[in-house]
Amino acid sequence: MKDKYIAAKERWAAKRSGQGRPAERSGDRLPPGQHEVKNFPVLDMGIHPEISQEEWRLTIRGHVENAVTLDWNQFMALDQFQDTSDFHCVTTWSQFDMQWEGVSFFTLAELVQPRDSATHVFFKGYDGYSVNTTLDAVMDDDTLVAHTWNGQPLAVEHGGPARVIVPKLYAWKGAKWVKEVIFLDRDILGFWEVRGYSNTADPWAEDRFA
Ligand SMILES: Nc1nc2c(c(=O)[nH]1)N[C@H]1C(S)=C(S)[C@@H](COP(=O)(O)O)O[C@H]1N2
Ligand SMILES: [Mo]
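A quick note: this is a predicted structure, and the numbers were derived from the prediction, not measured. (Residues numbered from 1 in each chain as written. Chains lettered and ligands numbered in written order. Predicted model: local features only at pLDDT ≥ 70, side-chain atom pairs only at ≥ 80, totals over all residues. Heavy atoms only, no water.)

Moving on, we get to the site of ligand 1. In the region of ligand 1, 20 residues are neighbours, and P41, D127, H158, R163 and K176 sit closest. Between ligand 1 and the protein, one listed contact pairs an oxygen atom with a backbone N or O atom of P41 at 2.7 Å. Take R163: an N or O atom from its side chain is 2.6 Å from an oxygen atom of ligand 1. Here ligand 1 loses 98% of its free accessible area of 540 Å² to cover by the protein chains. Split by residue class, the shell around ligand 1 holds 14 nonpolar, 2 polar and 4 charged. (Near = heavy atom within 4 Å. Polar contact = N/O pair within 3.5 Å; in protein donor to acceptor, adjacent residues only side chain to side chain. Areas by Shrake-Rupley, 256 points an atom, 1.4 Å probe, with all protein chains shown as cover. Nonpolar A, V, L, I, M, F, W, Y, C, P; charged D, E, K, R; others polar.)

Moving on: helix α3 (residues 105–112). α3 sits mainly inside the fold: 6 of its 8 residues count as buried. For α3, the complete set of buried residues consists of F105, F106, T107, L108, A109 and V112. The N-cap of α3, judged by a side-chain oxygen 3.1 Å from the amide nitrogen of F106 a few residues on, is S104. Just beyond α3, the residue with positive phi is Q113, at close to 60°. (Buried < 20%, exposed > 50% of the residue type's maximum accessible area, 1.4 Å probe, protein only. Helix = DSSP H or I, 4+ residues; strand = E, 2+ residues; numbered from the N terminus.)

Any functional reading would require information that these geometric values do not contain.
Now the structure itself:
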(Lines give C-alpha, C1' and ligand atoms only; values in the text may rest on other atoms or scores of the structure.)
(Ligands and ions follow the chains in the order given, each with its own letter.)
Protein backbone atom coordinates (compact mmCIF):
# COMPACT_ATOMS: atom_id res chain seq x y z
CA MET A 1 0.00 0.00 0.00
CA LYS A 2 2.68 2.53 1.03
CA ASP A 3 4.75 1.74 -2.06
CA LYS A 4 1.73 2.43 -4.21
CA TYR A 5 1.27 5.88 -2.58
CA ILE A 6 4.91 6.69 -3.05
CA ALA A 7 4.75 5.78 -6.74
CA ALA A 8 1.56 7.84 -7.18
CA LYS A 9 3.11 10.74 -5.33
CA GLU A 10 6.16 10.65 -7.55
CA ARG A 11 3.92 10.83 -10.64
CA TRP A 12 2.08 13.75 -9.04
CA ALA A 13 5.27 15.60 -8.20
CA ALA A 14 6.45 15.13 -11.79
CA LYS A 15 3.16 16.52 -13.11
CA ARG A 16 3.39 19.52 -10.83
CA SER A 17 6.86 20.37 -11.97
CA GLY A 18 5.75 20.09 -15.60
CA GLN A 19 7.85 16.95 -16.07
CA GLY A 20 4.96 14.50 -16.01
CA ARG A 21 4.06 12.64 -19.12
CA PRO A 22 0.45 12.98 -20.24
CA ALA A 23 -1.72 10.05 -19.23
CA GLU A 24 -1.22 7.12 -21.55
CA ARG A 25 -3.48 7.34 -24.56
CA SER A 26 -4.04 4.07 -26.27
CA GLY A 27 -6.19 3.74 -29.39
CA ASP A 28 -8.98 2.38 -27.22
CA ARG A 29 -9.27 5.14 -24.74
CA LEU A 30 -12.99 4.53 -24.45
CA PRO A 31 -13.81 2.01 -21.72
CA PRO A 32 -16.07 -0.89 -22.74
CA GLY A 33 -19.73 0.04 -23.28
CA GLN A 34 -19.04 3.82 -23.32
CA HIS A 35 -19.47 6.34 -26.17
CA GLU A 36 -17.80 9.72 -26.50
CA VAL A 37 -19.73 12.96 -26.13
CA LYS A 38 -18.51 16.51 -26.71
CA ASN A 39 -20.99 18.26 -24.43
CA PHE A 40 -21.01 17.98 -20.64
CA PRO A 41 -24.32 16.45 -19.51
CA VAL A 42 -25.64 17.16 -16.00
CA LEU A 43 -26.50 14.19 -13.80
CA ASP A 44 -27.59 14.42 -10.21
CA MET A 45 -30.53 14.08 -7.86
CA GLY A 46 -32.07 17.28 -9.24
CA ILE A 47 -31.15 19.55 -6.35
CA HIS A 48 -28.60 22.22 -7.28
CA PRO A 49 -27.64 23.87 -4.01
CA GLU A 50 -26.63 27.50 -4.42
CA ILE A 51 -23.64 27.85 -2.10
CA SER A 52 -21.85 31.16 -2.40
CA GLN A 53 -18.10 31.31 -1.88
CA GLU A 54 -18.77 33.21 1.37
CA GLU A 55 -20.99 30.43 2.71
CA TRP A 56 -18.91 27.55 1.39
CA ARG A 57 -16.95 25.43 3.89
CA LEU A 58 -15.08 22.19 3.39
CA THR A 59 -14.64 20.01 6.47
CA ILE A 60 -12.05 17.23 6.40
CA ARG A 61 -12.15 14.97 9.43
CA GLY A 62 -12.31 11.40 10.73
CA HIS A 63 -9.21 9.26 11.13
CA VAL A 64 -6.81 12.18 10.75
CA GLU A 65 -4.40 14.00 13.06
CA ASN A 66 -5.56 17.50 12.09
CA ALA A 67 -9.25 17.86 11.27
CA VAL A 68 -9.91 21.14 9.45
CA THR A 69 -12.76 23.26 8.19
CA LEU A 70 -11.60 25.42 5.32
CA ASP A 71 -13.34 28.53 4.09
CA TRP A 72 -13.07 29.55 0.45
CA ASN A 73 -10.02 31.77 0.91
CA GLN A 74 -8.17 29.13 2.90
CA PHE A 75 -9.00 26.53 0.25
CA MET A 76 -7.81 28.79 -2.56
CA ALA A 77 -4.61 29.58 -0.65
CA LEU A 78 -3.62 25.89 -0.78
CA ASP A 79 -1.29 24.69 -3.50
CA GLN A 80 -3.25 24.80 -6.77
CA PHE A 81 -3.11 21.90 -9.18
CA GLN A 82 -4.13 21.47 -12.82
CA ASP A 83 -4.81 18.19 -14.52
CA THR A 84 -6.42 16.93 -17.71
CA SER A 85 -8.35 13.68 -17.55
CA ASP A 86 -11.18 11.71 -19.13
CA PHE A 87 -14.61 11.54 -17.50
CA HIS A 88 -16.71 8.38 -17.63
CA CYS A 89 -20.35 8.35 -16.56
CA VAL A 90 -22.01 5.04 -15.75
CA THR A 91 -24.90 6.03 -18.04
CA THR A 92 -22.40 5.28 -20.88
CA TRP A 93 -21.11 8.70 -21.92
CA SER A 94 -17.49 9.69 -21.69
CA GLN A 95 -15.86 13.02 -22.32
CA PHE A 96 -12.15 13.22 -23.07
CA ASP A 97 -9.63 15.83 -21.95
CA MET A 98 -11.52 17.58 -19.20
CA GLN A 99 -9.21 20.30 -17.86
CA TRP A 100 -9.54 20.61 -14.12
CA GLU A 101 -8.00 23.01 -11.67
CA GLY A 102 -8.30 22.81 -7.91
CA VAL A 103 -6.56 21.28 -4.92
CA SER A 104 -5.04 17.85 -5.26
CA PHE A 105 -6.22 15.14 -2.87
CA PHE A 106 -2.58 14.68 -1.85
CA THR A 107 -2.43 18.31 -0.71
CA LEU A 108 -5.57 17.86 1.41
CA ALA A 109 -4.18 14.63 2.87
CA GLU A 110 -0.92 16.37 3.74
CA LEU A 111 -2.89 19.05 5.54
CA VAL A 112 -4.97 16.70 7.70
CA GLN A 113 -2.47 13.81 8.08
CA PRO A 114 -4.56 10.62 7.79
CA ARG A 115 -3.84 8.11 10.54
CA ASP A 116 -2.62 4.62 9.67
CA SER A 117 -6.10 3.40 10.57
CA ALA A 118 -7.64 5.29 7.61
CA THR A 119 -8.57 2.88 4.79
CA HIS A 120 -11.62 4.50 3.17
CA VAL A 121 -13.02 7.94 2.44
CA PHE A 122 -16.62 9.11 2.60
CA PHE A 123 -17.63 12.29 0.76
CA LYS A 124 -20.75 14.35 1.45
CA GLY A 125 -22.31 17.01 -0.76
CA TYR A 126 -24.41 20.06 0.10
CA ASP A 127 -27.38 18.40 -1.63
CA GLY A 128 -27.37 15.42 0.76
CA TYR A 129 -25.46 13.19 -1.68
CA SER A 130 -22.79 10.85 -0.39
CA VAL A 131 -20.25 8.53 -1.94
CA ASN A 132 -17.45 6.27 -0.70
CA THR A 133 -14.08 5.19 -2.08
CA THR A 134 -11.07 3.34 -0.82
CA LEU A 135 -8.22 5.58 0.33
CA ASP A 136 -6.11 3.88 -2.29
CA ALA A 137 -8.35 5.07 -5.13
CA VAL A 138 -8.09 8.75 -4.21
CA MET A 139 -4.45 8.89 -3.06
CA ASP A 140 -3.48 9.27 -6.69
CA ASP A 141 -2.01 11.89 -8.99
CA ASP A 142 -5.30 12.68 -10.74
CA THR A 143 -7.78 13.08 -7.84
CA LEU A 144 -8.66 16.64 -6.91
CA VAL A 145 -11.28 18.96 -5.50
CA ALA A 146 -11.89 21.11 -8.56
CA HIS A 147 -13.19 24.67 -8.75
CA THR A 148 -12.39 25.32 -12.42
CA TRP A 149 -13.30 23.37 -15.55
CA ASN A 150 -11.82 24.17 -18.97
CA GLY A 151 -10.63 27.53 -17.65
CA GLN A 152 -14.01 28.64 -16.28
CA PRO A 153 -15.32 28.61 -12.70
CA LEU A 154 -17.22 25.35 -12.23
CA ALA A 155 -20.92 25.93 -12.99
CA VAL A 156 -23.42 25.31 -10.21
CA GLU A 157 -25.05 22.42 -12.09
CA HIS A 158 -21.68 20.67 -12.29
CA GLY A 159 -20.99 21.08 -8.59
CA GLY A 160 -19.64 24.60 -8.19
CA PRO A 161 -18.12 26.13 -6.17
CA ALA A 162 -16.15 22.86 -5.87
CA ARG A 163 -16.49 19.15 -6.58
CA VAL A 164 -14.43 16.00 -6.35
CA ILE A 165 -12.96 14.41 -9.49
CA VAL A 166 -11.77 10.78 -9.43
CA PRO A 167 -11.06 10.16 -13.13
CA LYS A 168 -10.33 6.46 -12.96
CA LEU A 169 -13.72 5.65 -11.46
CA TYR A 170 -17.21 6.24 -12.85
CA ALA A 171 -18.24 9.83 -12.32
CA TRP A 172 -20.72 9.16 -9.54
CA LYS A 173 -17.69 8.62 -7.27
CA GLY A 174 -16.98 12.37 -7.48
CA ALA A 175 -19.20 14.40 -5.14
CA LYS A 176 -20.43 17.69 -6.56
CA TRP A 177 -20.90 20.62 -4.10
CA VAL A 178 -18.53 18.81 -1.77
CA LYS A 179 -19.01 19.67 1.89
CA GLU A 180 -17.21 16.98 3.88
CA VAL A 181 -14.39 14.53 3.35
CA ILE A 182 -14.31 11.91 6.10
CA PHE A 183 -11.44 9.46 6.50
CA LEU A 184 -12.74 6.12 7.81
CA ASP A 185 -11.26 2.91 9.16
CA ARG A 186 -13.91 0.85 7.31
CA ASP A 187 -16.14 1.11 4.27
CA ILE A 188 -19.54 2.80 4.49
CA LEU A 189 -21.66 2.72 1.33
CA GLY A 190 -22.76 5.99 -0.27
CA PHE A 191 -26.02 7.08 -1.87
CA TRP A 192 -25.76 5.02 -5.08
CA GLU A 193 -23.78 2.18 -3.53
CA VAL A 194 -26.67 1.32 -1.20
CA ARG A 195 -28.94 1.41 -4.25
CA GLY A 196 -27.08 -1.28 -6.13
CA TYR A 197 -24.30 0.56 -7.92
CA SER A 198 -20.93 -1.13 -7.89
CA ASN A 199 -18.70 -0.27 -4.97
CA THR A 200 -15.53 -0.43 -7.06
CA ALA A 201 -16.86 1.53 -10.09
CA ASP A 202 -13.96 0.75 -12.42
CA PRO A 203 -14.96 1.78 -15.98
CA TRP A 204 -12.34 -0.52 -17.53
CA ALA A 205 -13.86 -3.53 -15.78
CA GLU A 206 -17.42 -2.26 -16.40
CA ASP A 207 -18.14 -2.37 -12.68
CA ARG A 208 -21.46 -0.61 -13.09
CA PHE A 209 -23.70 -2.52 -10.72
CA ALA A 210 -23.01 -4.64 -7.66
N1 LIG B 1 -23.43 16.06 -4.72
C2 LIG B 1 -23.68 15.26 -5.78
N3 LIG B 1 -22.64 14.79 -6.48
C4 LIG B 1 -22.84 13.99 -7.54
C5 LIG B 1 -24.15 13.59 -7.91
C6 LIG B 1 -25.24 14.09 -7.14
O7 LIG B 1 -26.43 13.81 -7.38
N8 LIG B 1 -24.96 14.94 -6.08
N9 LIG B 1 -24.33 12.76 -8.99
C10 LIG B 1 -23.17 11.93 -9.39
C11 LIG B 1 -23.36 11.30 -10.66
S12 LIG B 1 -24.41 9.96 -10.71
C13 LIG B 1 -22.63 11.67 -11.77
S14 LIG B 1 -22.71 10.79 -13.22
C15 LIG B 1 -21.78 12.88 -11.77
C16 LIG B 1 -22.25 13.79 -12.88
O17 LIG B 1 -21.54 15.00 -12.91
P18 LIG B 1 -22.02 16.13 -13.91
O19 LIG B 1 -23.46 16.46 -13.60
O20 LIG B 1 -21.11 17.27 -13.72
O21 LIG B 1 -21.94 15.52 -15.30
O22 LIG B 1 -21.85 13.57 -10.53
C23 LIG B 1 -21.88 12.73 -9.39
N24 LIG B 1 -21.77 13.54 -8.22
MO1 LIG C 1 -24.13 8.99 -12.91
